[in-house]
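Survey of secondary and tertiary structure
One-letter residues, chain by chain:
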Amino acid sequence: MTEITLIAAINQALNYEMHADQEVVLLGEDIGINGGVFRATQGLFEKFGADRVLDTPLAESMIAGLSIGMAAQGLKPVAEFQFMGFSYPALDQIINHAARFRNRTRGRLSCPLVFRMPYGAGIHAPEHHSESTETLFAHTPGLRVVVPSSPARAYGLLLAAIRDPDPVIFLEPTRLYRLQKQKVADTGEALPLDKSFLLREGKDITLISWGAMLHESLMAADSLLTRGLSADLIDVATLKPLDCDTLLASVEKTGRCVIIHEAARFCGVGAEIAAQLSEKAFLSLKAPIQRVTGYDVTVPYAQLEKQYLPSLTKIINVIDQTLEFT
Amino acid sequence: MMSEVASFSIGYTRFLDANGKPTQDLPSFIKKETLLSLYQTMLLTRLFDSKAVTLQRTGKLNTYASTLGQEAISVGIGASMRKEDILCPFYRDYGAQLMRGVKMQEILSFWKGNEWGNHYSECPNDFPICVPIATQVLHAAGVATAFKLRKQARVVVTTCGDGATSEGDFYEALNIAGAWQLPVVFVINNNQWAISTARRAQTHAQTLAQKAIAAGIPGEQVDGNDVIAVKFVVERAVEKARARKGPSVIEALSYRLSDHTTADDAARYRASEELQHAYKEEPLSRLRTYLFAQTYWTEAEDKHFIQQCNLTIENAVNEYLALPKPAITDLFDYHFAQLPADLNEQRIEATALFKLHEMLSQ
């Protein structure tokens, strides 16, 4: 088994499920012969043909609306938006329809589909290519929002997302696409949705993160070890519905919690997590729950993106403050 | 030197004029039975629609969008489709919906604010009435994509108003339907008004049908008050799509004789002379005149049929009024195939609160 990148794991999952389930159809801009701008669908057009890998005209609302119509017929469309920042023309279709068809028709029509989109900053891309606006989707009833943070979780979670009978927003951190390699067995085994993953077990503090920021959070957890301290590190993975039980069990144990995310601070998913933990674990808390997040500003162009993203230093500082709080 | 690379013309089809006089030989499918069935369905639709407005005026229905004057378009569409086809309608297509098996009590339930009105127990694959303008035409293209990929000989018909043709989704749907040659028929119900915005204010284009041309799709106009013409052009387009010969756009010219909805007052923006003139063109009286002239139908039969319709409607209304209120748990139970844990917590809370209120109010 060779080690593969996160983007290769996405490709592997798509390939597996297209073999396993004839109803799975891919659609999006430049996903055919070109294999997608990040090559997530590389080789699939050649393997499955133009009836399974649909190169669409350039229109995002159309991609979403089309997926809804196809899904209502029992197909399982996996649509790619080229970047999260270009998904906004499709919000009307996603929020007003994909998220609502099952409820609107009392279960008669549903939308078993996945909207994949490259997400987050850190790859020196032009404007609109670095968004992390997961809150828009997490706030919308009827949607699942899933963010992988490793090749193995990308593989397992994408399989689960495709097999899920309801719409899933699948956010792929571009910074992680080729950052690390991991052995991923192509067994078709899905990981559970609606579950958070405890990546490191510790006793002094709970670190909660998702997506690309898991990378720095992991380094922060490692740096604690060198000081004789240890952290529970949790990959939220499914932002909505939130697996509060896993987060709660950890915070009740450690009494201290730092949430790290790349998205803007205001109404970020971190705010929701902090609120729920405050409500449910108030008496276990030894320090205020802290957030390390992006600023409430437009994601900058490439030259300032490093200053926008939460740095390891900043994360460690906030962890220290939280640990020292008495 | 400039050379012409494309040119277009927009056809217009009409068989019966406003006075019920044929303007050309009627199409061959026109038999007495077909005509009577079209007329009777239009009449039933109008009487149902009128009853719905009355229900709203007497507090038994919430805001309602009337289809008064559009019966020929809707019934013409319904009469052109097969059961296995799919309709993605906008909100003035009760005629087609009733023909396809949607129940009157379901339509009324929808307008009373009950999602169960979209459950369509006898019409399980059609789309519900779509509220955000023009978004349904993209769903239609998606359904048509599924038909095409599965090589099924089925067709999607989708409808929208004249205002909808200004929406991006409308253009995007036409574009993909043309690019992929999808089995879909777009029918524009051009009733001249999008709430208070007149057709001429929507676009400088001479016709709405010509918007198809840019997508490489044929577009044509039809007299939307002439049900024979509507059935003729829609059926032709549907069968063409079924034969995998591509999509069509049909602009049906009609007039919205009602207000936009019962919450609207068209007198604020529309001259009464225009409305009076439009009544002379409306679809039922011209066909009735023709049927009488052909002695296919008599005044007495008409009266008797209206009584029958009113009985049917009355029964449906009684069933509608007797429908139970949606359960408190319906708030939660249809968002996902399986209720997520966090939503279940809220479901328990809401149910308990609801029971408490019920207890206290007893």
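A quick note: this is a predicted structure, and the numbers were derived from the prediction, not measured.

What counts and what doesn't
- Residues numbered from 1 in each chain as written.
- Chains lettered and ligands numbered in written order.
- Predicted model: local features only at pLDDT ≥ 70, side-chain atom pairs only at ≥ 80, totals over all residues.
- Helix = DSSP H or I, 4+ residues; strand = E, 2+ residues; numbered from the N terminus.
- Rg over C-alpha atoms; globule rule 2.2 N^0.38 Å.
- Buried ≥ 20, exposed ≤ 12 C-beta atoms within 10 Å, placed from the backbone.
- Contact = placed C-beta atoms within 7 Å.
- Pairing = 2+ DSSP bridges.
- Axes fitted to C-alpha atoms, helices over the stretch in contact; angles between N-to-C directions.
- Nonpolar A, V, L, I, M, F, W, Y, C, P; charged D, E, K, R; others polar.
- Expected span 1.5 Å × (residues − 1).
- pLDDT = per-residue confidence, 0-100.
- Core = buried A, V, L, I, M, F, W, Y, C linked by C-beta atoms within 7 Å.
- Parallel < 35°, antiparallel > 145°, perpendicular 65-115°, else oblique.
- Left-handed = near helix turned anticlockwise from the far one by under 90°.
- Domains from an automatic or database assignment.
- Right-handed = clockwise from strand over helix to strand, strands pointing away.

1. Looking at the overall build of chain A
- The helix and strand inventory of chain A stands at 12 helices and 14 strands.
- Since a compact globule built from 326 residues should have a radius of gyration of about 20 Å, the 19 Å found for chain A is in line with a globular shape.
- Projected onto its principal axes, the C-alpha coordinates of chain A cover approximately 60 × 45 × 40 Å.
- Across the 326 residues of chain A, 58% fall into the buried class.
- Partitioning the contacts of chain A with sequence separation of at least 6, the portion at a separation of at least 24 is 81%.

2. With respect to the sheet that holds strand β5 (residues 114-119) of chain A
All names here are of chain A.
- On the basis of which strands lie adjacent, the open sheet formed by 7 strands has the order β3-β2-β4-β5-β7-β6-β12 and mixed pairing. The open sheet terminates on both sides in strands that have one partner only, identified here as β3 (53-55) and β12 (238-240). Each neighbouring strand pair of the sheet contributes to a mean axis angle of 20°, computed without reference to strand direction.
- Looking at chain direction, strand β2 (residues 24-28) and strand β4 (residues 76-80) are connected through 5 bridges and run parallel. The residue bridging G28 from the neighbouring strand is E80, located in β4.

3. As for the interface of chain A and chain B
- If you look at the interface, chain A gives 34 residues, while chain B gives 33 residues.
- Sorting the residues of the side of chain A that touches chain B by element identifies α3 (60-72), α4 (91-98) and α5 (101-104) of chain A as the ones contributing at least two each.
- In terms of residue count, α3(A) provides more of the side of chain A that touches chain B than any other element does, 9 residues in total.
- A class-by-class count of the residues in the side of chain A that touches chain B yields 14 nonpolar, 12 polar and 8 charged.

4. A look at helix α8 (residues 213-225) of chain A
All names here are of chain A.
- Its 13 residues place the ends of α8 19 Å apart at the C-alpha level, agreeing with the 18 Å of an ideal helix rising 1.5 Å per residue.
- All of the buried residues along α8 are M213, L214, E216, S217, L218, A220, A221 and L224.
- Looking at the buried residues of α8, the elements they touch are β9 (197-200), β10 (205-209), β11 (231-235), β13 (257-264) and α12 (312-324).

5. Focus: the confidence of the model for chain B
- When pLDDT is averaged along chain B, the result is 97, and 100% of the positions lie at 70 or above.
- The ipTM assigned to the predicted complex is 0.96, against a pTM of 0.97.

6. Comments concerning the nonpolar core
- If you look at the biggest cluster of nonpolar residues, it comprises 197 residues, and the most contacted ones within it are A141(B), A177(B), V185(B) and I250(B).
- The biggest single contributor to this core is helix α8 (residues 227-242) of chain B, with 10 residues.

7. Side note on the pairing of strand β7 (residues 219-223) of chain B
All names here are of chain B.
- Across the 5 residues that make up β7, a large majority, 5, are buried.
- Neither face of β7 is exposed, since G219, Q221 and D223 on one face and E220 and V222 on the opposite face are all buried.
- Bridge count between strand β1 (residues 11-13) and β7: 3 bridges; the pairing is parallel. Its bridge partner being in β7, Y12 is matched across the sheet by Q221.

8. Side note on unusual backbone geometry
- Along the chain, K240(A) connects to P241(A) via a cis peptide bond; the corresponding omega equals -5°.
- Looking at the secondary structure, you find P241(A) in the loop between β12 and α9 (244-254).
- Of note in the backbone geometry, Q181(B) takes a positive phi value of approximately 50° without being a glycine.
- Here Q181(B) shows up in the loop between α6 (168-179) and β4 (184-190).
- Under the C-beta neighbour-count criterion, Q181(B) is labelled partly exposed, with 16 such atoms within 10 Å.

9. Things to note about the packing of helix α1 (residues 32-57) of chain B against helix α2 (residues 71-78) of chain B
Residue and element names in this part refer to chain B.
- Running from amino to carboxyl end, α1 crosses α2 at an angle of 125°, the nearest separation of the two axes being 9 Å. Regarding the angle of α1 to α2, the classification is oblique. Considering only the axes of α1 and α2, their crossing is right-handed. Across the interface between the two elements, L38, T41, M42, T45 and R46 of α1 pack against E71, A72, S74 and V75 of α2.
- Its residues assigned to classes, the contact of α1 with α2 comprises 4 nonpolar, 3 polar and 2 charged.

10. Comments concerning the sheet that holds β4(B)
All names here are of chain B.
- Spatially, the 6 strands line up as an open sheet ordered β1-β7-β8-β4-β3-β2, and their pairing is parallel. Strands with a single pairing partner mark the edges of an open sheet, and in this sheet they are β1 and β2 (86-88). Here the strands of the sheet are splayed against their neighbours by 25° on average, with no regard to which way each runs.
- Those strands touched by α2 are β3 (156-161), β4 and β8 (248-253), and its axis lies near 165° from that of β4.

11. A short note on the domain arrangement of chain A
Residues and elements named next belong to chain A.
- Domain boundaries assigned for chain A yield domain 1 (3-183) and domain 2 (197-324).
- Between the C-alpha centres of domain 1 and domain 2 there is a distance of 26 Å.
- Facing 27 residues of domain 1, the contacting portion of domain 2 comprises 22 residues.
- Contributions of two or more residues to the side of domain 1 that touches domain 2 are made by α6 (134-138), β6 (144-146), α7 (151-163) and β7 (168-173).
- Partitioning the side of domain 1 that touches domain 2 into residue classes produces 13 nonpolar, 8 polar and 6 charged.

12. Remarks on the environment of H129(A)
Residue and element names in this part refer to chain A.
- Position of H129 relative to the elements: it lies in the loop between β5 and α6.
- Looking at H129, the number of C-beta atoms within 10 Å reads 22, which means it is buried.
- Residues H129 and V299, spaced 170 residues apart in sequence, show a C-alpha to C-alpha distance of 9.3 Å.
- Setting aside its immediate chain neighbours within four residues, H129 contacts F83 and G85.

13. Remarks on the packing of helix α5 (residues 135-149) of chain B against α6(B)
All names here are of chain B.
- One can describe the packing of α5 onto α6 by two numbers: an axis separation of 7 Å at closest approach and a directional angle of 20°. Classed by the angle they form, the pair α5 and α6 counts as roughly parallel. When the axes of α5 and α6 are compared, the crossing they make is left-handed. Packed against α5, whose contacting residues are T135, V137, L138, A140, A141 and A144, the element α6 presents D169, F170, E172, A173, I176 and A177 at the interface.

14. Details of the pairing of β4(B)
Residues and elements named next belong to chain B.
- Within β4, 7 of the 7 residues are buried, which leaves the element mostly enclosed by the surrounding structure.
- Burial along β4 is two-sided: V184, F186, I188 and N190 facing one way and V185, V187 and N189 facing the other are all buried.
- Bridge count between β3 and β4: 6 bridges; the pairing is parallel. Following the sheet pairing, C160 is matched in β4 by I188.
- Where the polypeptide runs from β3 across α6 and back to β4, its parallel neighbour, the crossover connection is right-handed.

15. Remarks on α8(B)
- Look at α8(B): 22 Å from first C-alpha to last across 16 residues, which is about the 22 Å you get at 1.5 Å a residue.
- Turning to α8(B), its buried residues are V227(B), I228(B), A229(B), V230(B), K231(B), F232(B), V233(B), V234(B), A237(B), V238(B) and A241(B).

16. Some remarks on the domain arrangement of chain B
- If you check the domain split of chain B, you get domain 1 (11-326) and domain 2 (328-362).
- Distance between the C-alpha centres of domain 1 of chain B and domain 2 of chain B: 38 Å.

17. Concerning the environment of T2(A)
- Structurally, the position occupied by T2(A) is in the segment before β1 (3-4).
- C-alpha separation for the pair T2(A) and V184(A), spaced 182 residues apart in sequence, amounts to 7.9 Å.

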